[in-house]
Amino acid sequence: MPRVAKGHVEQLPSGSWRARVYAGVDPITQREIRLKATAKTEQQAHIELGRLLKQASEGRTPESGATMAKLLDEYAAIAPWDVSTRQTNEGFIRRTIKPALGHLQVRKVRGPILDKLYAELKRCGDLSCTGRPFTEHRNIPALVINPRDPRPAWQQVTDTLTEAIRSGFLASGDELPSITELVALQGIGTSVMRHALEALAADGLILVRRGQTAIVAGNPSSTPQGARRRPGPAHDCRSAGCRPHVCHPMKASTIRGIHSILSGAFAAAQRWEWTDRNPAESAKPPTTIRQPIPATSPDDVAKVIAEARAHSPALGLYLWLVVVTGVRRGELCGLQIRDIDLDRGLVHVAFNYVVRGGQRVRKDTKTHQDRWLAIDPDTCALIASYLDEIRAELAAVGVELSDDAYLFSNDPAHSRPWNPDWATHKVAEAAAAAGVKLDIKGGRHYTASQLLAGGFDLRNTAARLGHSGGGATTLRHYADPVPEVDRRAAAYLAKLTARSEGQTG
Ligand SMILES: [Zn+2]
Ligand SMILES: [Zn+2]
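Note that the structure is a prediction, hence the values are computed from the model and not measured. (Residues numbered from 1 in each chain as written. Chains lettered and ligands numbered in written order. Predicted model: local features only at pLDDT ≥ 70, side-chain atom pairs only at ≥ 80, totals over all residues. Heavy atoms only, no water.)

A. The overall build of the protein, seen in detail. A count of helices and strands for the protein gives 17 helices and 12 strands. Each of the 505 residues in the protein was classed as buried or not, and the buried ones make up 44%. Sequence separation of at least 24 residues holds for 66% of the intrachain contacts in the protein that already meet a minimum separation of 6. Total accessible area on the protein is roughly 27,000 Å²; 53% of this is exposed by carbon and sulfur atoms. (Helix = DSSP H or I, 4+ residues; strand = E, 2+ residues; numbered from the N terminus. Buried < 20%, exposed > 50% of the residue type's maximum accessible area, 1.4 Å probe, protein only. Contact = heavy atoms within 4.5 Å. Areas by Shrake-Rupley, 256 points an atom, 1.4 Å probe, with all protein chains shown as cover.)

B. The arrangement of the pattern of salt bridges in detail. Going through the model one piece at a time under the given rule, you end up with 15 salt bridges. A salt bridge links Asp-149 to Arg-151; its shortest N-O distance comes to 2.8 Å. You can call Asp-149 buried: its relative accessible area is 19%. Under the relative-accessibility criterion, Arg-151 is labelled partly exposed at 33%. Between Glu-429 and Lys-426 there is a salt bridge, and its shortest N-O distance comes to 3.2 Å. One end of the pair, Glu-429, and the other, Lys-426, are both in helix H14 (residues 420-434), three residues apart, so they sit about a helical turn from each other. Take Lys-426: its relative accessible area is 14%, and that puts it in the buried class. Several salt bridges share partner residues, and in doing so they unite Arg-138, Glu-181 and Arg-243 into one network. (Salt bridge = Lys/Arg side-chain N within 4 Å of Asp/Glu carboxyl O.)

C. Representation of the packing of helix H11 (residues 313-325) against H14 within the structure. One way to put it is that H11 packs onto H14 with a least axis distance of 11 Å and a crossing angle of 95°. Compared by their axis directions, H11 and H14 come out roughly perpendicular. For the pair formed by H11 and H14, the contact residues are Leu-315, Tyr-318 and Leu-319 on the first element and Ala-423, Lys-426 and Val-427 on the second. Of the residues that constitute the contact of H11 with H14, the class distribution is five nonpolar, no polar and one charged. (Axes fitted to C-alpha atoms, helices over the stretch in contact; angles between N-to-C directions. Parallel < 35°, antiparallel > 145°, perpendicular 65-115°, else oblique. Nonpolar A, V, L, I, M, F, W, Y, C, P; charged D, E, K, R; others polar.)

D. Geometry of the side chain of Lys-98. Along the chain, Lys-98 turns up in helix H3 (residues 83-101). Residue Lys-98 is classed as buried on the basis of its relative accessible area, which comes to 19%. Within the structure, the side chain of Lys-98 is placed 2.7 Å from the side chain of Asp-73, a separation counted as a polar contact. (Polar contact = N/O pair within 3.5 Å; in protein donor to acceptor, adjacent residues only side chain to side chain.)

E. Representation of the packing of aromatic side chains. Counting across every chain of the model gives eight aromatic pairs. The rings of Tyr-318, Tyr-386, Phe-408, Trp-418 and Trp-422 are connected pair by pair, giving a single aromatic cluster. (Phe/Tyr/Trp six-rings, centres within 6.5 Å; stacked < 30°, edge-to-face > 60°.)

F. Here's a closer look at the sheet that holds strand E8 (residues 340-341). Strand order in the open sheet formed by three strands is E8-E9-E12, with antiparallel pairing between adjacent strands. The open sheet terminates on both sides in strands that have one partner only, identified here as E8 and strand E12 (371-374). One ladder, built from two bridges, connects E8 with strand E9 (residues 346-349); its direction is antiparallel. Looking at E9, one finds that Ile-340 is bridged to Val-347. (Pairing = 2+ DSSP bridges.)

Without other data, these values stay purely geometric and don't point to any function.
Next comes the structure, spelled out in structure tokens:
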């Protein structure tokens, strides 16, 4: 039974004005439909009120019929993701969430719909796959070179591919086979093929990606599930290189990533009153059963450190710091001279140093919590003698070690930090030479397990490792004293590791 919409205008504490309208009960959600709009002046608020009353009398409520596609767009625009998370999440939204759920109305999505999606993804990440065998067609047109055509061969190939892209036969985001593969499939010379792809790239029709095959430029559309495009009648599977589909189950951690995007989006939809429930709350993404990794013994860790030290004092110190501080590899690479306070026995972990796509970036620590860690007197002495050596070398050429120099660097003035991948590689070499299975993550695992085994509580161990929610905030400020227990943890780890090192010589 429709009710007459009522409304009023009110002034907010901030001085601006708001129009409110009550438009009866929503037949689906059984909740009151409330519309509101804010305005700067009372007069504007009355205009808004008129607009809302009209809207209510027409039976439309804003966004009540909004689709998942719209929700995801609006949510992605305000989601508090950092650059790399945003890239990943927008990829999930475009490739998986929108094709699967984009056409549904937000308020009609229920937990079982999500559970079904997760189950399908767990079986195969390709949404158009039903589990029955099928051919993955590639829409590569037959590239025929006509010797009587006045256009050069590369131009003919370019024109055929251009036409395929312009007509939508080859769609944005479609992968092209590699040049080698194209040459083999279509019997065209390598240089002709390369020239043609260069011309297409120059026209902005394809994107040539380093180390990967080229893709058709533009934003891939998210077509609804099952809408796999059928190749045209002239399609030749052999020359296009079509292959039978092989199912690739999506990893549980990836599905959990998708679930967390959906949880956030539905929470936003609830705040915006687009829906009154969060179906992600009743859905359950797959869990991974982690095999407990046996921690490396102190003896073995010490063997690797000895091996690393024999290779270079810097590498030895790096690995030592990994195990006594539990700091992440990129965080350790990002340590600058100013982050080390030997007088007070403190290390400031402020940045994570990452190299992505050839670009070196100093970013916030993984958990966005810089932290101060205690280091014991032995570790302080190791760092001090390492720094003395660097300073002596620099002094010989009349250079001073600056405060923003990096602790670990292959550059004489220490102005560029180690690439974390390089550090991983070097640690792997040392571990292999020592005949021990250990990597940097394993070093962190050692730290955690030894501290827990030594009776240090989880909260402090988490804080030391920079895990979020583990009480690390207490260490945030320089002025804050490092808890006594972290001092004891530092001394304990150093002693434990050194003792074993003494035994292995
Ligand atoms: Zn085919
Ligand atoms: Zn499949």
